[in-house]
Amino acid sequence: MDMGNSSLVTEFFLVGLTKYSEIQLPLFFLFLGIYIVTVAGNLGLVTLIGLNSHLHTPMYYFLFNLSFIDLCYSSVITPKLLVNFVSKLNTISYAGCMTQLFFYCFFVSAECYVLTVMAYDRYVAICKPLLYTVTMSPQVCSLLAVIVYVGAFIGAWAHTGCMLRLTFCDANTINHYMCDILPLLELSCTNTHINELVVLIVVGFDVGVPSLTIIISYSFILTSVLRIHSTEGRSKAFSTCSSHIIVVSVFFGSGAFMYLHPSSVLSMDQGKVSTVFYTIVVPMLNPLIYSFRNKEVKVALKESLNRKTFS
C-alpha cells in the first residue's frame, strides 16, 4: 500500500503529555528513570532466563516472552516521549507515525495474549499438576507463543490498515504524546465509522476474551488454593495471585477505560494519563512483580553473579 497516496499530510505535530512548560524537565527525568528501570529489568530477566538452564520451564518461557514484549513495547513509546519533553518542535513523519502505531498495537495485543497464556499456565500447574508436563510440553508452549504473535500481528494490521485508508487534510496536530488510534481518528477529514467499528471489535476481543479467560483460570486457581491445608502455602499462593491480578487489572482496566467508551465521555487529556499506565508504568512493574520477587530468579541471579565474580 502506498502511504503517500492515502494522505495529504507528510508529518504530524505531537502535543505531548502536558502543555505546562515548568514541569517538562521534571517529567523528563521521571520518565527517563522509569525507562532505565524498565530496560534494565526486562533485559536482565531475558538474559537471566536465557543463560540458566533450570529456568527453561514453561512458566519462565512465558516470562521470557513477556519481558521481551515489554522491552520492545516500552522502546516504541518512551524514547519519543522523552524527546517531546526537551524539544520545542515535536514532529513525526506520516510513515513514522503509522509505523509507531503498528508496533504499538502489535506489542499491546501481544501483552494481552501472553498475560492470558501465563494465567492458563498457572491454572494447569496448580489445578492439574499431574498433567502439567504433558499439557505444557515444549511443543504446546511454542504453539501458544506463535498464537500470541500471530494474533497480535492480525490485530495490529487491522488497526493500521484501516488507518492507512483515511485521508488527513489540513489538521496535523495530534493531541497526544504518541501516534495512538483515537487522536488520529479525530484528525481525519474522511468518514471514520469503519475505523471506530474495528476499534470496538478488535479491542473488545483483545480485552474481553483474555479477561474472561484470566477470570475463569483464577477462579479455578483460588478454588484449589482454598483446599490447601497449609497456611503458609495458601498465603504464598494468594500473594502470587494478587500480584498478577493487580498488574492485569491496571493493564486491561486502563486499556478498556481508554478505548471502550463513547468519545464524548472521556477527554483526550484524561486519556493520556490512562495511556501512561499501560504503555510506560506496566512494562516497568512486570519484571518486579513477576520475577524479582521469585526465589528461583533470585537464586539464578546470585549464581550468575558468582560465576562472573570467580571467572
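Nothing here was measured: the structure is a model prediction, and the numbers come from that model. Residue numbers restart at each chain and count upward from 1, following the sequence in its written direction. Two thresholds apply to this predicted model, a pLDDT of at least 70 for residue-level local features and 80 or more for giving and counting side-chain atom pairs, whereas whole-chain, interface and lining totals are computed over all residues. Only hydrogens and water are set aside when side-chain values are computed; all heavy atoms of the structure are taken into account.

Peer 1: Explain the overall build of the protein residue by residue, including any values.
Peer 2: Secondary structure follows DSSP: runs of H or I at least 4 residues long count as helices, runs of E at least 2 residues long count as strands, and numbering of each begins at the N terminus. A tally of helices and strands in the protein yields ten helices and three strands. The order of helices and strands in the protein, counted from the N terminus, is β-α-α-β-α-α-α-β-α-α-α-α-α. For the protein, the proportion of its 311 residues judged to be buried stands at 49%. By sequence separation, contacts in the protein at least 24 residues apart represent 80% of the contacts at least 6 residues apart. Partly exposed describes any residue whose relative accessible area lies between the buried limit of under 20% and the exposed limit of over 50%, with all areas from a 1.4 Å probe on protein chains only and scaled to the type maximum. Contacts: residue pairs with any heavy atoms within 4.5 Å of one another.

Peer 1: Talk me through the UniProt feature "transmembrane region" (unreviewed entry) in the protein; I want residue IDs and the actual numbers.
Peer 2: UniProt positions are given in the numbering used here, feature names are shortened, and annotations may be inferred rather than shown by experiment. In this structure's numbering, the residues bearing the UniProt feature "transmembrane region" (unreviewed entry) are residues 27–48, 60–81, 101–120, 140–158, 197–225, 237–261 and 273–292. Its end C-alpha atoms 29 Å apart, residues 101–120 is made of 100% helix and 0% strand. For residues 140–158, helix accounts for 100% and strand for 0%, while the C-alpha atoms at its two ends are 27 Å apart.

Peer 1: Describe the state of the cysteines, with residues and values.
Peer 2: To count as a disulfide, a pair of cysteine sulfur atoms needs to be within 2.5 Å. Scanning the model with the defined rule gives two disulfides in all. Through a disulfide, C97 is tied to C179; the S-S separation comes to 2.0 Å. When the S-S torsion is -125°, as for the bridge of C97 with C179, the disulfide is left-handed. Taken together, the residues span a long stretch of sequence, with C97 in helix α3 (residues 94–127) and C179 in the loop between β3 (173–174) and α6 (181–187) at a distance of 82 residues.

Peer 1: Summarise empty space enclosed by the protein; cite the residues concerned and give the values.
Peer 2: Only protein atoms enter the 1 Å grid used here. Points where a 1.4 Å probe fits but cannot escape make up a cavity, open sets with protein on both sides within 12 Å along at least five of seven lines make up a pocket, and a residue lines them when an atom lies within 4 Å of a point. Grid points are joined across faces, edges and corners, and a volume is the space filled by probe spheres set on the points. Going through the model one piece at a time under the given rule, you end up with three cavities of 30 Å³ or more. Lining the second largest cavity are H159, C162, M163, I181, L185, N195, V198 and V199. Mapped by element, the contributors of at least two residues to the lining of the second largest cavity are α5 (138–164), α6 and α7 (193–226). Split into classes, the residues belonging to the lining of the second largest cavity amount to six nonpolar, two polar and no charged. Three residue categories are used. Nonpolar comprises Ala, Val, Leu, Ile, Met, Phe, Trp, Tyr, Cys and Pro, charged comprises Asp, Glu, Lys and Arg, and polar comprises the others, including Gly.

Peer 1: Help me get a handle on the side chain of D121, residues and values and all.
Peer 2: On the secondary structure map, D121 appears in helix α3. Setting aside residues up to four positions removed in sequence, D121 forms contacts with P58, M59, F62, Y132 and M136.

Peer 1: Outline the pattern of salt bridges, listing residues and values.
Peer 2: Side-chain pairs of opposite charge can arise whenever the charged atoms involved come near each other. Salt bridge, as applied in this entry: a Lys or Arg side-chain nitrogen positioned within 4 Å of an Asp or Glu carboxyl oxygen. All told, the structure shown has one salt bridge when counted by the stated rule. The residue R122 makes a salt bridge to D121 at a minimum N-O spacing of 2.9 Å.

Peer 1: Requested: an account of the sheet that holds strand β1 (residues 11–14), with residues and values cited.
Peer 2: When DSSP locates at least two bridges between a pair of strands, those strands are taken to pair. Here three strands make up an open sheet; going across it, the order is β2-β1-β3 and the pairing mixed. Every other strand in the sheet has two partners, leaving β2 (91–93) and β3 as the edge strands with one partner each. Strand direction decides the pairing type here: β1 and β2, joined by three bridges, are antiparallel. Pairing of E11 across the sheet is with S93, part of β2. Only the stretch in contact is used when fitting a helix axis, every axis being a line fitted to C-alpha atoms; angles between N-to-C directions are given from 0 to 180 degrees. The strands touched by α3 within the sheet are β1, β2 and β3, with β2 carrying the most contacts at an inclination of about 85°.

Peer 1: Can you tell me about the packing of aromatic side chains, naming the residues and giving the values?
Peer 2: Centre distance within 6.5 Å is the pairing criterion for rings of Phe, Tyr and Trp, where only the six-membered ring of Trp is used; planes under 30 degrees apart are then read as stacked, over 60 as edge-to-face, and the remainder as tilted. Counted under the stated rule, the structure contains 15 aromatic pairs. A ring pair is formed by F102 and F103, whose centres lie 5.3 Å apart and whose planes are at 85°; its orientation type is edge-to-face. Its relative accessible area of 14% is what places F102 among the buried residues. By way of ring pairs, the aromatic residues F102, F103, F106, F107, Y149 and F153 are connected into one cluster.

Peer 1: Describe the packing of α3 against α5, and please don't skip the residues or the numbers.
Peer 2: Closest axis-to-axis distance for the α3/α5 pair is 8 Å, and the angle between their directions is 145°. Like other packed secondary-structure pairs, α3 and α5 cross with a definite hand, here right-handed. For the pair formed by α3 and α5, the contact residues are Y94, M98, L101, F102, C105, F106, S109, A110, Y113, V114 and V117 on the first element and L144, V148, Y149, G151, A152, F153, A156, W157, H159, T160, M163 and L164 on the second. Across the contact of α3 with α5, the residue classes break down as 19 nonpolar, four polar and no charged. Rotating anticlockwise by less than a right angle from the far helix to the near helix defines a left-handed crossing, while the corresponding clockwise rotation defines a right-handed one.

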